[in-house]
Amino acid sequence: MSDTQQVLYDVPGPKAIRRDKTLNVVFTLVVLGLIAWLVQAAWSRGVLDDRWQVLLAGDKGFSGWDVWRRLLWDGLVLGTLKAVVIAVPIVAVCALVLTVARQAPMRLVRWTAYGFTHVFRGIPVLLLMYFGVIALDLSLLPSVVLGLVVYNTAVVAEILRAGIAALPKGQKEAGLSIGLSPLATMLRIQLPQAVRIMLPALISQIVVLLKDTSLGFIIGYVELLAVTKNLYNFFGSASTAPLILASAAIYISVNMLVARLATWLEGRMRRSSHVARPADGGDVAAPETAARAAYGAGGGAGAAGA
Amino acid sequence: MGALIDNADLVLQGFGATLWVSLASGVLAFVWGVTLAAFRVSPVGPLRTFASGYVNVVRNTPLTLLFVFLVAAAPSLLGLKVPLGMPMAILALTLYTATFVCEAIRSGINSVGVGQAEAARSVGLTFIQTLTQVVLPQAFRSVLPPMINVYIAHIKNSSVAAAFAVTDLVAVANRLSYGNPADVVGIFAGVGLCYLVITVPLSVTAERLESRVAVAR
């Protein structure tokens, strides 16, 4: 965009440079003022006192170490990440099947897959989780996984479809012409390339899935948020803000780590020679838009994006 | 399904609540999201820093956590007491969805090739003309499908409000299914259908548009 801006504007003259400098100073002051106001608001409520000790030294016979172990091990690993690790492989398999089904020669199969995609992209993950608990009488972890799997399968299948659509047409034609069946062409020529170019979008979808596990909190599944709540109920109301901010920090760092991985892969992908480029030498164009779209869609509460 | 028809007024009320929360926070999120996107491409450094910091923090926070923060931490931390129910749901969804709106717009502007602007400038169009005649129309077309997807997610995310004292469709499904254990599947199917009435037209539109959007790159 900075390139575009350079093109859109003339090179700033002395007047514009002065104006930009003034604006910079003014808005730096505004942002600093905002931060100062927040700190002051917190200060005047005694928030900056020793209540943060709960994260360092602990309280009520528990050490700070115990608190963090609860948050990171019981909450993050045994709650949130466990659901993610169970759901992701299931999503991968189901999405693969759904993607193949959407290109199937039988119209009925194709339409069923099309219907599944649109229906389950449009139903809240939370509703699916409640359905698991109340209607199917599942216990909590399977219900959480059910909600995550059904929704993300539909989204990942869409991502893969966009990836296949972004490939040059010659790839499929070449596969068929060397005598591969349509299914083999799909599985051995198109899908591997589609997965490669869509890898950043697929990883972004993991962020969405990870955030959506927090919907489990609402149906009573014990994950990071539930552990946080138990902790601040135990330590008393003064500890509420520190603990909530601590768990927010955990979510944000884990998600940023995953997102960073996606950016890194995107850079590698650009240089990869394993993906066919369109004949005009251009980049495969669809992935970026599709990736953003998918991330956006995931936005749900995670997805309910919660 | 019988239980749904017997309680049609409750279902309608839930449908209204879902629609109202989505609409109100959707409009606000659009305004705030466009503002953030403008901040992110502005020539003023501090605004860029603020907007990218905000987007990165809020986008990586689960919506449920945002609600919990508003309920439990905001009053003691900032003295910010948002009434539980509608106002809190609208605030949380606005803050959350705005980050996705911002990113959709920003990537749309970025997707218009630099050559387009260069060409426009070199045939003598002014800054305003370049932006309104060449860049923005193309950006708009490539923003539309991702934006629709953002709003589909937004409508579904409004269901988190069910856990925070808003009687929306999910809350209604919940309440009815405890009263009518025999009819649970029908109730959930019906409520799911209510969501689909809103979301499927949107997702089909997005898919149609996607295939028609061909931006010069």
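Before going into details, it helps to say that this report is about the structure given with it. None of these values were measured; they are calculated from a predicted model. (Residues numbered from 1 in each chain as written. Chains lettered and ligands numbered in written order. Predicted model: local features only at pLDDT ≥ 70, side-chain atom pairs only at ≥ 80, totals over all residues. Heavy atoms only, no water.)

## So, the overall build of chain A
Looking only at helices and strands, chain A has 14 helices and 0 strands in total. The order of α-helices and β-strands along chain A, N terminus first, is α-α-α-α-α-α-α-α-α-α-α-α-α-α. Taking all 306 residues of chain A together, the buried fraction comes to 48%. A separation of at least 24 residues holds for 73% of the contacts in chain A among residues at least 6 apart in sequence. (Helix = DSSP H or I, 4+ residues; strand = E, 2+ residues; numbered from the N terminus. Buried < 20%, exposed > 50% of the residue type's maximum accessible area, 1.4 Å probe, protein only. Contact = heavy atoms within 4.5 Å.)

## Side note on helix α9 (residues 182–212) of chain A
In a regular helix each residue adds 1.5 Å, so 31 residues correspond to 45 Å; α9(A) covers only 36 Å between its end C-alpha atoms and thus falls short of that length. Most of α9(A) is tucked away: 22 of the 31 residues are buried. (Expected span 1.5 Å × (residues − 1).)

## Side note on the pattern of salt bridges
Residues and elements named next belong to chain A. For the coordinates displayed, the defined rule picks out 7 salt bridges over all chains. The salt bridge involving Glu158 is made with Arg121; its shortest N-O contact spans 3.5 Å. Of this pair, Glu158 sits in helix α7 (residues 140–166) while Arg121 sits in helix α5 (residues 107–121), and the two are 37 residues apart along the sequence. Summarising the burial analysis for this pair, Glu158 and Arg121 share the class buried. Between Arg161 and Glu158 there is a salt bridge, with the nearest N and O atoms lying 3.2 Å from each other. Residue Arg161 and its partner Glu158 are both found in helix α7; the two are separated by 3 residues, about one turn of the helix. (Salt bridge = Lys/Arg side-chain N within 4 Å of Asp/Glu carboxyl O.)

## A look at the interface of chain B and chain A
Residue-level contacts link 68 residues of chain B with 70 residues of chain A. Summed over both partners, the interface of chain B with chain A comes to about 5,900 Å²; 69% of that surface belongs to carbon and sulfur atoms. If you sort the residues of chain B by the area they bury against chain A, B:Asn60, B:Lys156 and B:Phe188 come out on top, with a joint share of 11%. Taken together, the links from chain B to chain A amount to 0 salt bridges. Taken together, the links from chain B to chain A amount to 9 residue pairs in polar contact (both at pLDDT 80 or more). Those elements that provide at least two residues to the side of chain B that touches chain A are α3 (45–59), α4 (63–78), α5 (86–111), α6 (114–122), α7 (127–157), α8 (169–179) and α9 (184–212) of chain B. Here the side of chain B that touches chain A is built from residues that sort into 41 nonpolar, 20 polar and 7 charged. (Buried area = accessible area lost by both parts, 1.4 Å probe. Polar contact = N/O pair within 3.5 Å; in protein donor to acceptor, adjacent residues only side chain to side chain. Nonpolar A, V, L, I, M, F, W, Y, C, P; charged D, E, K, R; others polar.)

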